[in-house]
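Topology and contacts: notes
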Amino acid sequence: MTWEQLLSLKRQGDTGKRLRIEQDDTRLGFEVDYDRIIFSSAFRSLQDKTQVIPLSKTDFVHTRLTHSLEVSVVGRSIGRLVGKKIIEKYPYLKEIHGYHMNDFGAIVAAAALAHDIGNPPFGHSGEKAIGEYFAIGKGQQYKDQLTPKQWQDLVDFEGNANGFSVLTSSRPGIEGSLRLSYATLGAFTKYPKESLPKKPTKNIADKKYGFFQSDVAFFKEVAEELGMISNKTGADVGYERHPLAFLVEAADDICYTIIDFEDGINLGLVSEDYALEYLIKLVKDTIDAAKYQTLTTKEDRISYLRALAIGNLINDAVRVFIENEEAILQGKFHFALTDKSKYKAQMDDIIKLSVKNIYQSREVIEKELSGYQIINNLLDKFITAYNNTYDGKATNYDKLLMKILPEKHHLEKESLYERLLHICHFISMLTDGKAVELNKIVTA
């Protein structure tokens, strides 16, 4: 892979080249990507979607929106630091093509901003609830009418693939959805493969999947424009990662490790003394002991240590990337950057504590249980109504349900797969609160 190809400004529907050297630096294409994401309704809905604590009324607990903004900020910093090194190593990128170090930061910031945009309500349990509706619920009835890959898209419903669809799928009058640059779409796609074969290798790019069967053709167009390396044979589609996807992933890893932990501390799920013991290990080389001693509140102490920890992890992620940059370009680096971090043991310790004390806390489990029931019920009601309407067999109840389906979702889908995926997409775009409200309406 080559950087000049990987940094493509091309957008869906373009007929000509977009050259960086001809760009208006006051309105750079990669920064337009960020703006389009932040003004989208899909991004706004993240303000009422679970990060750690579902339906939390506590003002300092993170939602998917605040988490995404923070990942974007961290991603921008990592991208700029990497960009500075890359431009120094390959000066022709600036001299001939006009790229700047901030371009790398802008791409990573936009991709990181969107990294959770396809996640259903109620956190990762929302993905599992959709998948299990088809795997072990009433959705099993559709299996024999779908191809193995279409079926796998549903039983292993993936927020990352749904996010790619949110960012790129056309609807009448809206071609290409947000029409982001191909560089940003490449950086967004952490798992550039289809749903089958499942985990064919230990390569980090094969851990999950990144696009539905309905989006395979367009993803192939993006990957070929970017010069991404194909790593599948025959009819299977998969690629080695766009290098900047490693930076988006690192920003996410850093934020959920440290900031979810901070939420747990502020909620009292992790004791301050216990937490300090873990955080100190990350910052012992950079902490200003005198300044730390002046901080009188728990919130200020934790905030100070969190900022130092994130800074150290950013610098270390940049180090790992630059040391492995040539292998990454050759598609031969198959790990997350944090897997090779000198702080990996400390991060693993924090994640283990978070799993035990936060992710498996009674409050989280109770809300996830209710989320399972809500998603299962909504899927069943709307899939039945949507299919019956298509088949001309709609009951009066089905007709009423279709009236509360938002207008933009009233699209005719010819294939059963597309109809099922369409309703999954509709449910996935609901906020936690809207899902609860809608469930009350359809079960009243």
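Quick caveat, the model's predicted, so the values are computed rather than measured.

L196 connects to P197 through a cis peptide bond whose omega is 0°. Within the fold, P197 resides in the loop between α10 (182-188) and α11 (216-226). The phi angle at R179 is positive, at roughly 50°, despite the residue not being glycine. Its location among the elements puts R179 in the loop between α9 (159-168) and α10. Positioned with a positive phi, K199 is a non-glycine residue whose angle comes to about 45°. Judged by its relative accessible area of 54%, K199 falls in the exposed class.

Running from amino to carboxyl end, helix α2 (residues 29-38) crosses helix α6 (residues 101-113) at an angle of 20°, the nearest separation of the two axes being 8 Å. Judged by the angle between their axes, α2 and α6 are roughly parallel. Note that α2 runs across α6; the crossing there is left-handed. Across from F30, E31, D33, Y34, I37 and I38 in α2, the residues of α6 making contact are D103, A106, I107, A109, A110 and L113. Partitioning the contact of α2 with α6 into residue classes produces nine nonpolar, no polar and three charged.

Glancing now at the pattern of salt bridges. Under the criterion given, the structure shown has 24 salt bridges. A salt bridge links D206 to K232; the shortest N-O distance between them is 2.9 Å. Linking D206 in the loop between α10 and α11 with K232 in the loop between α11 and α12 (243-266), this pair joins segments that are 26 residues apart in sequence. The pair D206 / K232 is uniform in exposure class, with both members buried. In this structure, the salt-bridge partner of R319 is D316, at a minimum N-O distance of 2.8 Å.

Parameters at a glance
Residues numbered from 1 in each chain as written. Predicted model: local features only at pLDDT ≥ 70, side-chain atom pairs only at ≥ 80, totals over all residues. Heavy atoms only, no water. Helix = DSSP H or I, 4+ residues; strand = E, 2+ residues; numbered from the N terminus. Buried < 20%, exposed > 50% of the residue type's maximum accessible area, 1.4 Å probe, protein only. Axes fitted to C-alpha atoms, helices over the stretch in contact; angles between N-to-C directions. Parallel < 35°, antiparallel > 145°, perpendicular 65-115°, else oblique. Left-handed = near helix turned anticlockwise from the far one by under 90°. Contact = heavy atoms within 4.5 Å. Nonpolar A, V, L, I, M, F, W, Y, C, P; charged D, E, K, R; others polar. Salt bridge = Lys/Arg side-chain N within 4 Å of Asp/Glu carboxyl O.

From the geometry alone we can't say anything about function, so treat these as descriptive.
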